[in-house]
Amino acid sequence: MLSLPADLREAIERALASVPAARWVREAQALSERYRAPRAGEQPALASGAAQSLGYAAMILPATYAQLHGAIGAAAARLPDWAPETMLDLGSGPGTALWAAAARWPSLRALTAWEREPSFIALGRQLARDAESPAVRAARWERVDLSADETSQRPNAPTLQRFDLVVLGHVLNELGPGARQQALAAAWAMTGGLLLVVEPGTAAAFAVVRAARDWLLGAGARTIAPCAHDQPCPLVSDWCHFPQRLWRPDFQRRARGAPSQWEESKFSYAAMARFPPGAPIWGRVIREPTSNKAYAEATISSRDGVGRYRALKRHRDAFRLVKDLPWGAALDQPPPDPAAPPDEQL
């Protein structure tokens with residue numbers, strides 16, 4: 001169960017206290033409706049202006065933090081000795097990814113945020129003032145519109161500054177195809193180490209992540225997570241996503257009018273790098289395992305493709321192993337075959 005960091009939660013509470021609660025609750029609920037509506041890219045920003053930005057902080061930011069935290073954690077687990085120092089967050093909003101990355105990688109010392117909306121930049125700076133992380137407090141903010149063709153205003157790709165970590169969080173899904181490709185190419189050109197693409201856990205957003213991964217593989221990137229290989233995605237007429245359970249802060253519960261104290265925030269992601277992971281994995285659990293009176297079953301995407309691994313209940317140890325596999329877990333080897341002799345099990 002994940003909670004927002006105390007310094008971030010308290011900073012949001014102080015920002016919300018600057019306006020009547022009825023106003024930010026109203027803006028949060030209106031924003032939630034806009035987020036649920038279909039979008040085809042090249043449309044006005046989902047949130048703009050100070051009031052809507054506060055609504056975003058109350059309603060959307062906690063779940064976005066959870067998704068980024070989950071994706072960053074999965075990438076970090078594959079790179080236990082990696083210690084990035086510089087980061088660029090593209091389409092930063094109020095800087096949610098800055099907080100999530102700094103919490104996972106305290107080695108980060110220089111953070112840069114590119115954001116289009118002035119109100120998000122102002123809110124991001126306000127929230128960062130009381131951050132415990134020196135890197136978050138000192139983050140450099142730049143106003144950049146990723147949906148516009150600004151290549152003439154930027155240096156040529158060979159001279160672009162490179163960052164150890166580049167994040168595209170909840171960005172590509174909100175851009176049209178042309179701007180999406182431009183943003184991805186620019187992000188990769190500025191990636192010196194790891195590029196992390198994170199989107200909501202929906203079928204439509206997964207398609208965006210999948211296309212981004214395909215393009216990055218063609219550009220020479222190596223897969224860190226979630227896939228166990230550098231081959232095209234083996235899913236056919238299907239999609240995958242992963243959960244991060246979040247303990248809702250009080251202001252989010254109020255904005256949602258939600259009685260539940262927690263939610264499961266789901267996300268799709270691709271962590272791609274200019275270097276291979278430290279050690280290979282065999283596969284990853286891409287569905288929540290299921291069980292009944294007869295068997296337990298897990299869906300795993302591996303170097304051998306996507307397969308369902310079933311253990312009968314009479315094979316007690318194997319049944320428990322499959323039943324208790326965490327959704328999203330990386331596996332070093334296939335689950336053992338309970339029918340095989342011990343010395344033949346992988």
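The present account deals with the structure reproduced in this document. Given the structure is predicted, the values throughout are model-derived calculations rather than measurements.

Topic: the pattern of salt bridges
- In total, this model carries 14 salt bridges according to the counting rule given.
- Its salt-bridge partner being Asp 130, residue Arg 14 comes within 2.9 Å of it at the nearest N-O pair. With Arg 14 in helix α1 (residues 6-16) and Asp 130 in the loop between α6 (118-128) and α7 (134-137), this pair connects stretches of sequence that are 116 residues apart.
- Since its relative accessible area comes to 43%, Arg 14 is described here as partly exposed.
- Looking at Asp 130, the relative accessible area reads 44%, which means it is partly exposed.

With respect to the side chain of Gln 244
- Residue position: Gln 244 is located in strand β8 (residues 242-247).
- What makes Gln 244 buried here is its relative accessible area of 15%.
- If near-sequence neighbours (up to four positions away) are discounted, Gln 244 is found in contact with Leu 2, Ala 66, His 69, Gly 70, Glu 263, Glu 264, Ser 265 and Phe 267.

Quick look at the state of the cysteines
- If you walk through the whole model with that rule in mind, you get zero disulfides.
- The thiol sulfur of Cys 233 is not disulfide-bonded, and the nearest other cysteine sulfur, from Cys 227, lies at 6.0 Å.
- Cys 240 forms no disulfide, and the closest cysteine sulfur to it belongs to Cys 233, at a distance of 6.2 Å.

Some thoughts on the side chain of His 229
- Note on placement: His 229 falls in the loop between β7 (222-225) and β8.
- Residue class for His 229 comes out buried when judged on its relative accessible area of 12%.
- Not counting chain neighbours up to four residues away, the residues in contact with His 229 comprise Arg 213, Thr 223, Pro 234, Ser 302 and Arg 303.

A look at the nonpolar core
- If you look at the biggest cluster of nonpolar residues, it comprises 71 residues, and the most contacted ones within it are Ile 12, Met 87, Trp 105, Leu 127, Leu 194 and Tyr 269.
- Among the elements that take part in this core, helix α4 (residues 61-78) stands out by supplying nine residues, more than any other.
- Residues in contact with Ile 12, not counting those within four places in the same chain, are Leu 4, Ala 57, Leu 61, Leu 127 and Phe 251.
- Ranked by size, the runner-up nonpolar core spans 30 residues in total, among them Leu 172, Ala 187, Met 190 and Leu 195.

Details of the packing of helix α3 (residues 50-59) against α4
- Remark: α3 packs on α4, axes separated minimally by 4 Å, with the N-to-C direction vectors making an angle of 55°. By the angle class used here, α3 and α4 are oblique. Here α3 contributes Tyr 56, Ala 57, Ala 58 and Met 59 to the contact with α4, which in turn contributes Leu 61, Pro 62 and Thr 64.
- Residues of the contact of α3 with α4, tallied by class, amount to six nonpolar, one polar and no charged.

What to know about the packing of aromatic side chains
- By the definition in use, this model includes seven aromatic pairs.
- Plain terms: the ring middles of Trp 82 and Phe 275 are 5.9 Å apart, the flat faces sit at 50° to each other, and that makes the pair tilted. Residue Trp 82 is located in the loop between α4 and β2 (86-90), and its partner Phe 275 is located in the loop between β9 (262-273) and β10 (283-285); the two are separated by 193 residues in the primary sequence.
- Note that Arg 245 overlies the ring of Trp 262, its terminal NZ or CZ placed 3.8 Å from the centroid.
- Directly above the aromatic system of Tyr 295 lies the positively charged group of Arg 310, at a separation of 3.7 Å from the ring centroid.

Comments concerning unusual backbone geometry
- Cis geometry is adopted by the peptide bond preceding Pro 226, which originates at Ala 225 and carries an omega value of 0°.
- Within the secondary structure, Pro 226 is located in the loop between β7 and β8.
- Backbone geometry at His 170 places phi at a positive 60°, although glycine is not the residue there.
- With respect to the helices, strands and loops of the structure, His 170 is situated in the loop between β5 (163-169) and α8 (177-189).
- The backbone of Ser 237 sits at a positive phi, close to 50°, despite the residue not being glycine.

Digging into a nonpolar patch on the surface
- Taken together, Met 1, Trp 247 and Trp 262 make up a surface patch of nonpolar side chains, about 330 Å² in accessible area.
- Its place among the elements puts Trp 262 in strand β9.

Examining the pairing of β2
- Within β2, five of the five residues are buried, which leaves the element mostly enclosed by the surrounding structure.
- Sheet topology places β2 next to strand β3 (residues 110-115); five bridges connect them, and they run parallel. Bridge pairing in β3 links Leu 88 to Thr 112.
- Where β2 and β5 come together, four bridges link them in parallel fashion. Opposite Asp 89, over in β5, you have Val 167 as the bridge partner.

About the thresholds
- Every residue gets a number counted from 1 within its own chain, in the order that chain's sequence is written.
- Only residues with pLDDT of at least 70 get local features here, since the model is predicted, and only at 80 or more are side-chain atom pairs given and counted; chain-wide, interface and lining totals rely on the full set of residues.
- Remark: hydrogens and water are excluded; side-chain values derive from all non-hydrogen atoms of the structure.
- Salt-bridge detection follows one rule: a side-chain nitrogen of Lys or Arg within 4 Å of a carboxyl oxygen of Asp or Glu.
- Labels follow the DSSP assignment, with helices taken as runs of H or I lasting at least four residues and strands as runs of E lasting at least two, numbered in each case from the N terminus.
- For the exposure calls, accessible area comes from a 1.4 Å probe over protein chains only, and a residue counts as buried if that area is under 20% of its type's maximum, exposed if over 50%, partly exposed in between.
- In what follows, residue pairs with any heavy atoms lying within 4.5 Å of each other are defined as contacts.
- For the purposes of this analysis, a disulfide is any pair of cysteine sulfur atoms at a distance within 2.5 Å.
- Among buried residues, the Ala, Val, Leu, Ile, Met, Phe, Trp, Tyr and Cys ones that are joined through side-chain atoms within 4.5 Å form a nonpolar core.
- Lines fitted to C-alpha atoms define the axes, with helix axes restricted to the stretch in contact, and inter-axis angles between N-to-C directions lie between 0 and 180 degrees.
- Reported orientations rely on four angle classes, namely roughly parallel under 35 degrees, roughly antiparallel over 145, roughly perpendicular from 65 to 115, and oblique for the rest.
- Three residue categories are used. Nonpolar comprises Ala, Val, Leu, Ile, Met, Phe, Trp, Tyr, Cys and Pro, charged comprises Asp, Glu, Lys and Arg, and polar comprises the others, including Gly.
- Only Phe, Tyr and Trp rings take part, Trp by its six-membered ring, and two of them pair if their centres are within 6.5 Å. Stacked means planes under 30 degrees apart, edge-to-face means over 60, and tilted covers everything else.
- By definition here, charges over rings are those cases where NZ of Lys or CZ of Arg is within 6 Å of the ring centre and within 35 degrees of the ring normal.
- Residues qualify for a patch when their relative accessible area is over 30% and they have no salt bridge, like charges being joined within 9 Å and the nonpolar side chains of Val, Leu, Ile, Met, Phe, Trp and Tyr within 5 Å.
- All accessible areas in this document rest on Shrake-Rupley with a 1.4 Å probe, and a residue is counted as covered only by the protein chains that are shown.
- We call two strands paired when DSSP finds no fewer than two bridges between them.

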